[in-house]
Amino acid sequence: MEYDKNNVFYKIINKQIKAEIIAENKNAIAIKDISPRKKVHLLVIPKGEYKNIFHFNKSASKEEIFDLWNLVNEVCLKNQLVENGFRIIINQGENGGQEVPHLHVHILGGEKVGKMCD
Ligand code: AMP
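Residues numbered from 1 in each chain as written. Predicted model: local features only at pLDDT ≥ 70, side-chain atom pairs only at ≥ 80, totals over all residues. Heavy atoms only, no water.

Undergrad: Please explain helix H3 (residues 62-78) as it appears in this structure.
TA: The α-helix winds at 3.6 residues per turn, so residues separated by three or four positions along the chain end up facing the same way. Relative to the 24 Å expected for 17 residues at 1.5 Å per residue, H3 spans 24 Å between its end C-alpha atoms, a close match to the ideal helical length. Taken together, the buried positions of H3 are occupied by Glu 64, Asp 67, Leu 68, Leu 71, Val 72, Val 75 and Cys 76. On an axial view of H3, the arc spanned by its buried residues comes to 170°, and they lie on one face. When the buried face of H3 is taken as reference, the exposed residues oriented beyond 90 degrees from it are Lys 62, Phe 66, Asn 73 and Leu 77. Residues of H3 that are buried make contact with strand E1 (21-25), strand E2 (28-32), strand E3 (40-46), helix H2 (53-59), strand E4 (86-89) and strand E5 (105-109). Of the residues trailing H3, Gln 80 is marked for its positive phi of about 55°. (Helix = DSSP H or I, 4+ residues; strand = E, 2+ residues; numbered from the N terminus. Expected span 1.5 Å × (residues − 1). Buried < 20%, exposed > 50% of the residue type's maximum accessible area, 1.4 Å probe, protein only. Arc of directions from axis to C-beta. Contact = heavy atoms within 4.5 Å.)

Okay, structure coming up:
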C-alpha cells in the first residue's frame with residue numbers, strides 16, 4: 001500500500017515538527033489531539049509507515065501491533081479513562097473521514113462522548 005510521507009504524523013515521529021509526546025514505546029507514540037473534540041482527546045500513532053488500519057493489520061509485525069494497543073491501554077490508565085469509559089475511533093479513507101494518511105487511533109473521553117454516529 002502506497003504511503004505518503006508528506007503528512008503531519010510522519011513529521012512528528014521523525015522530529016521535523018515539534019509535538020508534546022505524552023507516552024511512547026518502541027513502536028508507537030501518543031499525543032494530544034491539536035483540536036480536541038472532547039475533554040480528553042488523545043491520538044496513539046504507530047511509528048511505522050502505515051497509511052491506515054487495513055494497511056497496519058495486513059503488514060505490521062506482532063510486536064508493532066502489541067505496542068500500539070499496549071500504549072492505548074497505558075494512556076487510558078494514565079488519563080483515568082478506564083473506570084468511566086471512553087471511545088476509540090479509527091477513520092479510514094474518504095468515506096471514513098480520514099484526514100491524515102498515517103494510521104492514528106483516536107481516544108475520546110473525560111466526559112460523555114454521545115451517540116456513535118451522526
Ligand atoms: P482523522 O480525521 O482521523 O485523520 O484525524 C486527524 C486528527 O489529527 C484530527 O483530529 C486533527 O485535529 C489531528 N491533528 C492534526 N494535526 C495535528 C497535530 N499537529 N498535532 C496533534 N493532532 C493533530
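After presenting the structure, the write-up continues.
Undergrad: What exactly am I supposed to notice about the pairing of E2 here?
TA: One face of the sheet, then the other: side chains in a regular strand alternate in exactly this way. Most of E2 is tucked away, with four of its five residues classed as buried. The pairing of E1 with E2 spans four bridges and is classified as antiparallel. From the neighbouring strand, Ile 21 faces E2, where its bridge partner is Ile 31. The turn joining E1 and E2, which pair antiparallel and follow one another in sequence, is formed by two residues. Here five bridges tie E2 to E3, and the two strands are oriented antiparallel to one another. Paired with Ala 30 across the strands is Val 44, a residue of E3. (Pairing = 2+ DSSP bridges.)

Undergrad: Can you help me understand the site of the ligand in this one?
TA: Surveying the vicinity of the ligand reveals 17 residues, the closest of which are Asp 33, Arg 37, Asn 91, Glu 99 and His 104. At 2.8 Å, a side-chain N or O of Arg 37 approaches an oxygen atom of the ligand. For the ligand, the accessible surface in isolation is 510 Å², of which the surrounding protein chains cover 87%. When contributions to the shell around the ligand are tallied by element, the ones reaching two or more residues are helix H1 (8-13) and E2. (Near = heavy atom within 4 Å. Polar contact = N/O pair within 3.5 Å; in protein donor to acceptor, adjacent residues only side chain to side chain. Areas by Shrake-Rupley, 256 points an atom, 1.4 Å probe, with all protein chains shown as cover.)

Undergrad: Would you take a moment to explain the state of the cysteines for this structure?
TA: Covalent bonding between the sulfur atoms of two cysteines defines a disulfide. According to the stated counting rule, one finds zero disulfides in the structure shown. We note that Cys 117 lacks a disulfide partner, and the nearest cysteine sulfur, in Cys 76, lies 20 Å from it. Overall, Cys 117 belongs to the exposed group, its relative accessible area being 61%. (Disulfide = S-S within 2.5 Å.)

Undergrad: Where do I start with the environment of Lys 58 in this structure?
TA: Position of Lys 58 among the secondary structure elements: in helix H2. The sequence separation of Lys 58 and Glu 74 amounts to 16 residues, and the corresponding C-alpha distance is 24 Å.

Such coordinate-based values are descriptive only and should not be taken to indicate function.
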